[in-house]
Structures are given as structure tokens and as C-alpha cells.
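# Close look at the chain arrangement
Below are the chains, spelled out letter by letter.
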Amino acid sequence: MENMETQIRQAVAHAAKEIEKQVDEEIERLQNPDELEKLKEERIKKLKQLATQKTEWRKLGHGEYDEIPDEKSFFEVSKKSPRVVAHFSRDATERCKIVDKHLKILAQNHVETRFVKLNAEKSPFLTDRLKIKVLPTILILKDATVVDRIIGFSDLGGVDDFRTEMLEWRLARCDGVFYQGDKDQPPEFKQKKRQVMRTIRGKADFDSDESDDE
């Protein structure tokens, strides 16, 4: 037992020395004026590249939350933008309006992703092909391929008053947006009593992810 404890202490001490050595080397490197200038130039270059990329993204409609007029436009958008968040909605569904509010905010904060909405009733080919049965449904596409979907509010705490940060985190789980937080843990959100909302059914055969209690 003592021999094992000694080996563990030696291993820990060795690891600590290695880390200390790496830290010392990094400090020495950063104290070198040439290295600092090199890091500065690399940083400026990356910032310029990002600024150029943001300009290109905005030309494609990034930074805004728009309604796509037809199904053909959906395919065009998905081909031009590497990341797309598409909300299949219906005007008469209250929960779709809630999603609209949050996606409008996220579109402004995440210019790297294209945010759009489609009227499910006017897109029968897409809704059938993509198996959209419940509204609202949010599809996340990468390189023109659906990688994930958010159906109703079950992934958002099951409440109508979820925070924008909650939807942002859920989109980040599949790399739908760039995210600085912890993807494994949802952001803290205050749960309130779930609002009771009447289901408003339209002419299309869709289910609304809403309460139907009186």
C-alpha cells in the first residue's frame, strides 16, 4: 500500500513539474517582443477575416428573421447558408408567435446562422417530405441537411414563457449557433405555472403543441 501511495505521489509531482514547465515556457514566449507582435498580427488577421465573413453572411440575409415566400426559396437558402434554423409555423397558432419573438432576437445575435420561417399550410411538399406533424417545429440544417429538430416546447422546459437563452442553448446543442456556454447543461430558467391555451386548429391536418383544456 505504501509503495502504491509513493508511486501516486511521484506521478502527481512529475505531472505538476511538467505543467509548471509548460507555463514557464508560455510566459517566456509571451515576454518575447517578436512573439507578442506575431500574436497581435494573427489576432488582427482573424478579426479582419471574421468581419469579411459577417459582411458576406449579411448579404445572404443573416442577421434578420424573415419569412420565406415559397418552398423553392427554402432550398435556395439551405444551399447558400452553411447553418439554417427554419421555423415551420402557422399564423393561427399562438405558440408559433412565441417562437417568432425568440428567433427574431437570436437572428440578430447570431449572424453566423440564417433564421427563417415558413407557413406550413402553404408548404405541403416540404411538410410532407420533412414529416412536419406538430406546430411549431424548428428544423436545424447544416450544409443543406437536417441535423436536428425541436418539436413544440418539450425541449424548452414545456412552458410558454421560456427564456430566449433556453432556445439558444438548445440550438447550440447541435451546433446550430455558435455558443460560449456549457452545451451539456441548460441555462438556469425560472419555471412558472404553464399557461393554459386553447388549441386553434386550421384547415391543414397539423397538431398544435398547445394545451386544449378549458
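Procedures and definitions
Residues numbered from 1 in each chain as written. Predicted model: local features only at pLDDT ≥ 70, side-chain atom pairs only at ≥ 80, totals over all residues. Heavy atoms only, no water. Helix = DSSP H or I, 4+ residues; strand = E, 2+ residues; numbered from the N terminus. Buried < 20%, exposed > 50% of the residue type's maximum accessible area, 1.4 Å probe, protein only. Contact = heavy atoms within 4.5 Å. Areas by Shrake-Rupley, 256 points an atom, 1.4 Å probe, with all protein chains shown as cover. Salt bridge = Lys/Arg side-chain N within 4 Å of Asp/Glu carboxyl O. Pairing = 2+ DSSP bridges. Axes fitted to C-alpha atoms, helices over the stretch in contact; angles between N-to-C directions. Parallel < 35°, antiparallel > 145°, perpendicular 65-115°, else oblique. Left-handed = near helix turned anticlockwise from the far one by under 90°. Nonpolar A, V, L, I, M, F, W, Y, C, P; charged D, E, K, R; others polar. Core = buried A, V, L, I, M, F, W, Y, C linked by side-chain atoms within 4.5 Å.

Looking at an unreviewed UniProt entry, one finds the protein named Thioredoxin domain-containing protein 9, with Orchesella dallaii as its source organism.

### Quick word on the overall build of the protein
In terms of regular secondary structure, the protein is built from six helices and seven strands. A total of 214 residues make up the protein; the buried ones form 37% of that total. The long-range fraction of contacts in the protein, counting pairs at least 24 apart against all pairs at least 6 apart in sequence, stands at 63%. On the protein, roughly 13,800 Å² of surface is accessible, and the fraction owed to carbon and sulfur atoms is 49%.

### So, the pattern of salt bridges
Two side chains that carry opposite charge are able to pair once their charged atoms sit near each other. Using the criterion set out here, one finds ten salt bridges in the structure. The residue Lys117 makes a salt bridge to Asp100 at a minimum N-O spacing of 2.9 Å. Highlighted residues: Lys117 in strand S3 (residues 114–119) and Asp100 in helix H4 (residues 94–109), separated in sequence by 17 residues. For Lys117, a relative accessible area of 11% corresponds to the buried category.

### Things to note about the sheet that holds strand S5 (residues 137–142)
In a beta sheet, neighbouring strands pair by backbone hydrogen bonds and run either parallel or antiparallel. The five strands lie next to each other as S1-S3-S2-S5-S6, forming an open sheet whose pairing is mixed. Of all strands in the sheet, those bounded by a partner on one side alone are strand S1 (65–67) and strand S6 (145–151). The mean inter-strand angle of the sheet, taken between neighbouring strand axes irrespective of direction, is 25°. With six bridges connecting them, strand S2 (residues 83–89) and S5 associate as antiparallel partners. Among the inter-strand pairings, Phe88 is bridged to a residue of S5, identified as Thr137. Along the sheet face, H4 touches S1, S2, S3 and S5 and points at about 160° away from the line of S2.

### Some remarks on the packing of H4 against helix H6 (residues 164–172)
H6 packs onto H4 with a crossing angle of 65° between their chain directions and a minimal axis gap of 10 Å. Comparing their axes, H6 and H4 come out roughly perpendicular. The way H4 lies across H6 gives a crossing that is right-handed. Residues His102, Leu103, Ile105 and Leu106 of H4 pack against Thr164, Leu167, Glu168 and Leu171 of H6. By residue class, the composition of the contact of H4 with H6 is five nonpolar, two polar and one charged.

### Topic: H6
Within H6, eight of the nine residues are buried, leaving the element largely enclosed by the surrounding structure. The elements touched by buried residues of H6 are S2, H4, S3, S5 and S6.

### Details of unusual backbone geometry
A cis amide bond, omega 0°, links Leu135 with the succeeding residue Pro136. Its location among the elements puts Pro136 in the loop between strand S4 (134–135) and S5. The phi dihedral of Asp143 is positive, around 55°, even though this residue is not glycine. One can find Asp143 in the loop between S5 and S6. Residue Asp143 is classed as exposed on the basis of its relative accessible area of 60%. Although it is not a glycine, Asp175 sits at a positive phi angle of roughly 60°.

### Focus on the nonpolar core
Counting residues in hydrophobic clusters, the biggest one holds 22 residues, and the most contacted among them are Leu103, Phe115, Leu167 and Leu171. The set of elements that each furnish at least two residues to this core consists of H4, S5 and H6. Counting 16 residues, the second largest nonpolar core, distinct from the first, contains Val116, Leu126, Ile132 and Leu139.

### Observations concerning the environment of Val134
Inspection of the secondary structure puts Val134 in strand S4. Sequence-wise, Val134 and Gly152 are 18 residues apart; in three dimensions their C-alpha atoms are separated by 6.9 Å.

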